[in-house]
Protein chains: 2
Amino acid sequence: MGGVSTVERVPKQDRSRATRQRLLEAAVACLAEHGWAGSTVSVVAERAGVSRGAAQHHFPTREDLFTAAVEYVAEERSTAIRALFPRGAADRRAVVAALVDLYTGPLFRAALHLWVAASNEDQLRPRVTELEARVGRETHRIAVDLLGADESRPGVRETVQGLLDMARGLGLANLLTDDAGRRQPVVAQWAALLEQTLD
Amino acid sequence: MGGVSTVERVPKQDRSRATRQRLLEAAVACLAEHGWAGSTVSVVAERAGVSRGAAQHHFPTREDLFTAAVEYVAEERSTAIRALFPRGAADRRAVVAALVDLYTGPLFRAALHLWVAASNEDQLRPRVTELEARVGRETHRIAVDLLGADESRPGVRETVQGLLDMARGLGLANLLTDDAGRRQPVVAQWAALLEQTLD
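Residues numbered from 1 in each chain as written. Chains lettered and ligands numbered in written order. Predicted model: local features only at pLDDT ≥ 70, side-chain atom pairs only at ≥ 80, totals over all residues. Heavy atoms only, no water.

## Some details on the UniProt feature "domain: HTH tetR-type" (unreviewed entry) in chain A
Thought 1: UniProt feature "domain: HTH tetR-type" (unreviewed entry): in the numbering of this structure it lies at residues 17–77 of chain A.
Thought 2: When the span residues 17–77 of chain A is considered, its composition is 80% helix and 0% strand, and the gap between its end C-alpha atoms is 19 Å. (UniProt positions renumbered as here; feature names shortened; annotations may be inferred. Helix = DSSP H or I, 4+ residues; strand = E, 2+ residues; numbered from the N terminus.)

## A few points about the side chain of B:E63
All names here are of chain B.
Thought 1: Examined against the element boundaries, E63 turns out to sit in helix α4 (residues 62–84).
Thought 2: Of the buried charged residues, E63 lacks a salt bridge, with R62 as the closest side chain of opposite charge at 5.5 Å.
Thought 3: Beyond its immediate chain neighbours, meaning those up to four positions away, E63 contacts W36, Q123, L124 and R127. (Buried < 20%, exposed > 50% of the residue type's maximum accessible area, 1.4 Å probe, protein only. Lys, Arg positive; Asp, Glu negative; His and termini not counted. Salt bridge = Lys/Arg side-chain N within 4 Å of Asp/Glu carboxyl O. Contact = heavy atoms within 4.5 Å.)

## Focus: the interface of chain B and chain A
Thought 1: Taken together, the contacts link 40 residues of chain B with 40 residues of chain A.
Thought 2: With both sides pooled, the region where chain B packs onto chain A buries about 3,300 Å², and carbon together with sulfur makes up 66% of that total.
Thought 3: When the buried surface of chain B facing chain A is broken down by residue, B:L172, B:L176 and B:W190 rank first, second and third, together holding 21% of it.
Thought 4: Inspection of the chain B/chain A interface yields 2 salt bridges.
Thought 5: Among the ionic pairs, B:D165 bridges to A:R182, the shortest N-O distance being 2.8 Å.
Thought 6: Here chain B and chain A share 12 residue pairs in polar contact (both at pLDDT 80 or more) between them.
Thought 7: Every element with two or more residues in the side of chain B that touches chain A is listed here: α1 (3–34), α6 (106–118), α7 (125–147), α8 (156–173) and α9 (180–198) of chain B.
Thought 8: Among the elements that take part in the side of chain B that touches chain A, α8(B) stands out by supplying 12 residues, more than any other.
Thought 9: Its residues placed into classes, the side of chain B that touches chain A shows 18 nonpolar, 15 polar and 7 charged. (Buried area = accessible area lost by both parts, 1.4 Å probe. Polar contact = N/O pair within 3.5 Å; in protein donor to acceptor, adjacent residues only side chain to side chain. Nonpolar A, V, L, I, M, F, W, Y, C, P; charged D, E, K, R; others polar.)

## Digging into helix α5 (residues 92–101) of chain A
Residues and elements named next belong to chain A.
Thought 1: Listing the buried residues of α5 in full gives R92, V95, V96, A98, L99 and V100.
Thought 2: Looking at the buried residues of α5, the elements they touch are α4 (62–84), α7 (125–147), α8 (156–173) and α9 (180–198).
Thought 3: Two or three places before R93, at the start of α5, stands the capping residue D91, its side-chain oxygen 3.1 Å from that residue's backbone nitrogen.

## So, the packing of α4(A) against helix α6 (residues 106–118) of chain A
All names here are of chain A.
Thought 1: Packing of α4 against α6 brings their axes to within 10 Å, and their N-to-C directions diverge by 150°. Between α4 and α6, the angle falls in the class roughly antiparallel. Where α4 crosses over α6, the handedness of that crossing is left-handed. Across from F66, T67, V70, V73, A74 and R77 in α4, the residues of α6 making contact are L107, A111 and L114.
Thought 2: Residue classes in the contact of α4 with α6 are distributed as 7 nonpolar, 1 polar and 1 charged. (Axes fitted to C-alpha atoms, helices over the stretch in contact; angles between N-to-C directions. Parallel < 35°, antiparallel > 145°, perpendicular 65-115°, else oblique. Left-handed = near helix turned anticlockwise from the far one by under 90°.)

## Structural notes on the environment of A:N120
Thought 1: For A:N120, the location among the structural elements is in the loop between α6 and α7.
Thought 2: Those residues in contact with A:N120 that sit more than four places away from it in its chain are A:R125, B:A32, B:E33, B:H34, B:G35 and B:H113.
Thought 3: Only 2.6 Å separates the side chain of A:N120 from the backbone oxygen of B:E33, close enough to count as a polar contact.

## Overview of the UniProt feature "DNA-binding region" (unreviewed entry) in chain A
Thought 1: In the numbering adopted here, UniProt assigns the feature "DNA-binding region" (unreviewed entry) to residues 40–59 of chain A.
Thought 2: Its end C-alpha atoms 11 Å apart, residues 40–59 of chain A is made of 75% helix and 0% strand.

## Describing the environment of A:R183
Residue and element names in this part refer to chain A.
Thought 1: Mapped onto the elements of the fold, R183 is located in helix α9.
Thought 2: In this structure, the C-alpha to C-alpha distance between R183 and E121, residues 62 residues apart in sequence, is 32 Å.
Thought 3: Setting aside its immediate chain neighbours within four residues, R183 contacts V100, T104, L170 and N174.

## A few points about the packing of α8(A) against α8(B)
Thought 1: Following both chains from N to C, one finds α8(A) and α8(B) inclined at 90°, their axes separated by 6 Å at the closest point. When the axis of α8(A) is compared with that of α8(B), the two are roughly perpendicular. Note on element contacts: α8(B) touches α8(A) through B:G162, B:D165, B:M166, B:R168, B:G169, B:L170, B:L172 and B:A173, opposite A:G162, A:D165, A:M166, A:R168, A:G169, A:L170, A:L172 and A:A173.
Thought 2: Tallied by class, residues from the contact of α8(A) with α8(B) come to 8 nonpolar, 4 polar and 4 charged.

## Points about the relation of the copies chain B and chain A
Thought 1: With an RMSD of 0.0 Å, chain B superimposes on chain A once it is rotated by 180° and translated 0.0 Å along the axis. The symmetry that links the two subunits is that of a two-fold axis.
Thought 2: By residue overlap, the copies meet face to face through one surface: 100% of the interface positions of chain B are interface positions in chain A. (Least-squares fit on C-alpha atoms with pLDDT ≥ 70 in both.)

## Points about helix α2 (residues 41–48) of chain A
All names here are of chain A.
Thought 1: Restricting attention to buried positions, one finds in α2 the residues V41, V44, A45 and A48. Each buried residue of α2 sits inside an arc of 100° when the element is viewed along its axis, so together they form one side.
Thought 2: Of the residues trailing α2, G49 is marked for its positive phi of about 70°. (Arc of directions from axis to C-beta.)

In structure tokens:
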């Protein structure tokens, strides 16, 4: 192929990538709002303004679409939280608050629907289990980096893990009602306990 | 009515109560195994060996049955955990472990399915929100009593709440895989941090 077709190929790839992103973002929003039962490739394609055929070209199955969507948005959130603290452990309380925020928005809600559906669906379970492990490892790595936690010291690794478990539990407590009023003093208190352990 | 009908009434009430309990226990098991979508009054009635009519006499709607079931089993678990520690804060680490256990069994799994379904179903949401608040308050009260926590001291209330949030997050992490190996050192570390605050 010559120069002209190369020039044409680039915008086509861009368009394809943009379509893929629109589908992934629509899939997470759909899962957060309607749950697994209400989330199909067709519903997402319509929401994203993409034909069903184009959606299936990108994601042959429903499982492909929704696991890719949760992973994509989790990566976006990871990049965003790292960008918030470019110099690392400047203000640990702010880092803890930002980590907890990862679990109280639409991404967590979407991931929760996917996890719960996976617990009863054999087709979904292995993929979501693998995804959860990968996202969990990455979140742990971010927490350790941003908190400046030295995991070679006894108890530090478990303290950071416990913090992320608490954040997950706080996300669940926020599912049906706005729990921010109760959550903030709890997070402040455990952030103080965490600082004692890390210093 | 005379003495004879009183004598007959007692066993009938017992039978009715036994039927109700069988339905409630079957409902929690059904919810834990099959999720909300797979949990109907008919499925539970069959599992409990009760006619559909008898089940509907006790629980007119699906929402009645499943919210009552989660509440009943939560009360059973509360009674059981109090009975484990008749003298209160004897061994705080053991109390923490028992509290975390509340969130890693079939009751938590059933409650999780109900919460997640409630987040998308208007008919279910107010009832589950109210149930969650009631069960949450009772669990907090048990934790305070058994840990011998003095909530008049600053930070103590938030520390106990954070512990229960962590337990909830650990329950979620245990949904798809057996997470006990990772969980135990995390719980041990947080129990140690908790003890520092309570003493």
